[in-house]
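Observations on the model geometry
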Amino acid sequence: MKTLDKLILALICTCLCTACEKNVIEYAATPISDETTAQFQLHYMVPVTTGAVNNINKVELNGELLTNETAPLAAYNFIPSGAVGKFFSTEAGTVNLKLYRGAVSDLSLVYDHDFNLPAGKHNIVVHDFDKPPIIVKNEVPYPTVTTEYTGTTAWVKFYNVLYETSGVPTTLKLQYQFQYTVDNDTGEKSEWMNLGNPVSFGEATGWEPVTVNKTVEISSGSARIDYRIRIIGEDGSDQGSLEVRNAAGNIVNYADWWNAFIGRVYHHMFAGFRTATPTSGVRVATAL
């Protein structure tokens, strides 16, 4: 009887092992080396009017298709699209980027440039069809805050990609500032605070914290954050508010606002023409 029990136990163990072997879960993935692999997101910040006529319907890197008309790259947007935290990858070093615009049946090559793409995560900003892109380090891992209760922080990186008019990048050094609502009942606002250091054309701040005083207590948490831009002189002095042309053709002080969610990380790219059309504005993309 004991022999039979041992035999049954051995059969059960054999069946279990066989079942486990048949249900091994595997994931198809390609290992990535941080030292030799470049990961990137591509931002289309050329000052053009929005709409299908200016969509990039084909993107190639080193002769390989990245995206086509099924997921077009629209003006003031970025790819990969569809979810945050996605990157393309390629071998680090000299790469060639081609962008094609127009109807699918009649694509026109509008961008063809070689440039060096370093290893690691970067944001590639195409700002002029005739010039190499701006490359900004993505700075991962993203910042976090550990708190016992609900957090009150989101993070923003500000990019200066502003043009004065066609083909003329701004020479102004810009200080991005923010203001948040201190008291949601009274509407009291905070003082204006600098978001990082001032940046010249082609530069960006780091991931800078902004305060999110959420409006719904039992929620993941979001709130309105107001923004303005100051001009900083060569001596470091504040030269006043940045003036821009608005949609009505008037020159006004730049001002805008965006909602922010607690724990989120955002790109704020200031692009367009300061004194012409298409007018300038901050284009927001969620990094995390």
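For every chain, the first residue of its written sequence is number 1, and the numbers climb from 1 along that sequence. For this predicted model, a pLDDT threshold of at least 70 governs which residues receive local features, and a threshold of 80 or more governs which side-chain atom pairs are given and counted, while totals over whole chains, interfaces and linings are taken from all residues. Side-chain figures throughout are based on the complete set of non-hydrogen atoms in the structure, without hydrogens or water.

1. A word on the overall build of the protein
The line we're drawing: We count a stretch as a helix when DSSP gives it H or I for four or more residues in a row; a strand needs E for two or more, and each element gets its number in order from the N terminus. Burial classification: accessible surface area is computed with a 1.4 Å probe over protein chains only, and a residue below 20% of its type maximum counts as buried, one above 50% as exposed, and the rest as partly exposed. Any two residues whose heavy atoms approach within 4.5 Å at even a single point are treated as in contact. Here the open area of atoms and residues is found with the Shrake-Rupley method and a 1.4 Å probe, where only the protein chains shown may cover a residue.
Assigned secondary structure in the protein consists of one helix and 21 strands. The buried share among the 288 residues of the protein stands at 41%. In the protein, the proportion of contacts linking residues at least 24 apart, taken out of those at least 6 apart, comes to 62%. For the protein, the exposed area adds up to about 15,700 Å²; of that, 51% sits on carbon and sulfur atoms.

2. Observations concerning the pattern of salt bridges
Note the following rule: A carboxyl oxygen of Asp or Glu within 4 Å of a side-chain nitrogen of Lys or Arg is what we treat as a salt bridge.
Evaluated as defined, the whole model comprises eight salt bridges. Taking the shortest distance from any N to any O, the salt bridge between Lys98 and Asp112 comes out at 3.8 Å. Taken together, the residues Lys98 in strand 6 (residues 93–101) and Asp112 in strand 7 (residues 108–117) connect sequence positions 14 residues apart. In this structure, the salt-bridge partner of Asp128 is Lys131, at a minimum N-O distance of 4.0 Å.

3. Regarding the nonpolar core
Cut-off, in case you're wondering: The criterion is simple. A nonpolar core is a set of buried Ala, Val, Leu, Ile, Met, Phe, Trp, Tyr and Cys residues joined through side-chain atoms within 4.5 Å.
With 32 residues, the main nonpolar core has Leu42, Tyr44, Leu97 and Leu99 as its most contacted residues. Of all the elements in the fold, those that place two or more residues in this core are strand 1 (37–44), strand 2 (56–61), strand 6, strand 7, strand 8 (120–126), strand 9 (134–137), strand 10 (153–165) and strand 20 (265–273). Ignoring sequence-local partners within four residues, the contact set of Leu97 consists of Leu42, Val59, Glu60, Leu61, Tyr111, Asp112, His113, Phe115 and Val126.

4. What to know about the sheet that holds strand 6
Two pairing modes exist for strands in a sheet, parallel and antiparallel, and in both the strands are linked by backbone hydrogen bonds. This is how it is decided: DSSP bridges decide pairing: two strands pair if at least two such bridges lie between them. Angles here are taken between N-to-C directions and fall from 0 to 180 degrees, while the axes themselves are lines fitted to C-alpha atoms, restricted in helices to the stretch in contact.
If you trace the four strands from one edge of the open sheet to the other, you get 3-2-6-7, paired in antiparallel fashion. Each of the sheet's edge strands pairs with one partner strand only, and the pair in question is strand 3 (64–73) and strand 7. Within the sheet, the average angular offset between the axes of one strand and its neighbour, ignoring direction, is 15°. Bridge count for strand 2 against strand 3 is five bridges, and the pairing is antiparallel.

5. Looking at the packing of aromatic side chains
Cut-off, in case you're wondering: Note on aromatic contacts: the rings of Phe and Tyr and the six-membered ring of Trp form a pair at centre separations within 6.5 Å, being stacked when their planes are under 30 degrees apart, edge-to-face when over 60 apart, and tilted otherwise. Cation placement over rings: the criterion is NZ of Lys or CZ of Arg within 6 Å of the ring centroid and within 35° of the ring normal.
Inspection of the entire model under this criterion finds eight aromatic pairs. An aromatic cluster is defined as three or more aromatic residues linked by ring pairs; in this entry it consists of Phe158, Tyr176, Tyr227, Tyr254 and Phe270. Cation over ring: Lys121 sits above Phe87, and NZ or CZ is 5.2 Å from the ring centre. Arg283 extends its terminal NZ or CZ atom over the ring of Tyr76, reaching a point 3.8 Å from the ring centre.

6. Observations concerning the environment of Ile232
If you trace the backbone, Ile232 turns up in strand 15 (residues 222–232). Beyond its immediate stretch of four places on either side in the chain, Ile232 contacts Lys173, Gln175, Pro198, Ser237, Asp238 and Gln239.

7. Side note on the environment of Ile229
Examined against the element boundaries, Ile229 turns out to sit in strand 15. Taking C-alpha positions, Ile229 is 6.4 Å from Tyr254, a pair spaced 25 residues apart along the chain. Excluding residues within four positions of it along the chain, Ile229 makes contact with Phe158, Leu174, Gln175, Tyr176, Gly240, Ser241, Leu242, Tyr254 and Phe270.

8. Overview of the pairing of strand 10
Taken residue by residue, a regular strand's side chains alternate between the two faces of the sheet. Of all 13 residues in strand 10, twelve are buried; the element is thus mostly enclosed. The sheet contact formed by strand 10 and strand 20 spans nine bridges and is parallel. Bridge pairing in strand 20 links Leu162 to Gly272. Sheet topology places strand 10 next to strand 11 (residues 168–169); two bridges connect them, and they run antiparallel. By the bridge assignment, Tyr163 is partnered in strand 11 with Pro169. Taking the residues that link successive antiparallel strands as the turn, the strand 10-strand 11 hairpin has two residues, and the phi of Gly167 there is positive, at about 75°.

9. Describing the side chain of Asn160
Convention followed: N or O atoms within 3.5 Å of each other form a polar contact, as long as, within protein, one can give a hydrogen and the other can take it, and as long as residues adjacent in sequence are counted only when both atoms are side-chain atoms.
Position of Asn160 relative to the elements: it lies in strand 10. In this structure Asn160 comes out as buried when scored by relative accessible area, which is 0%. A polar contact of 3.4 Å, which involves the side chain of Asn160, links it to the backbone oxygen of Leu172. At 3.2 Å, the side chain of Asn160 forms a polar contact with the backbone oxygen of Val199. In this structure, Asn160 is in contact with Thr170, Leu172, Leu174, Val199, Ser200, Phe201, Gly202, Glu203 and Phe270, ignoring residues within four places of it in sequence.

The quantities given are spatial measurements derived from coordinates; they are silent on function.
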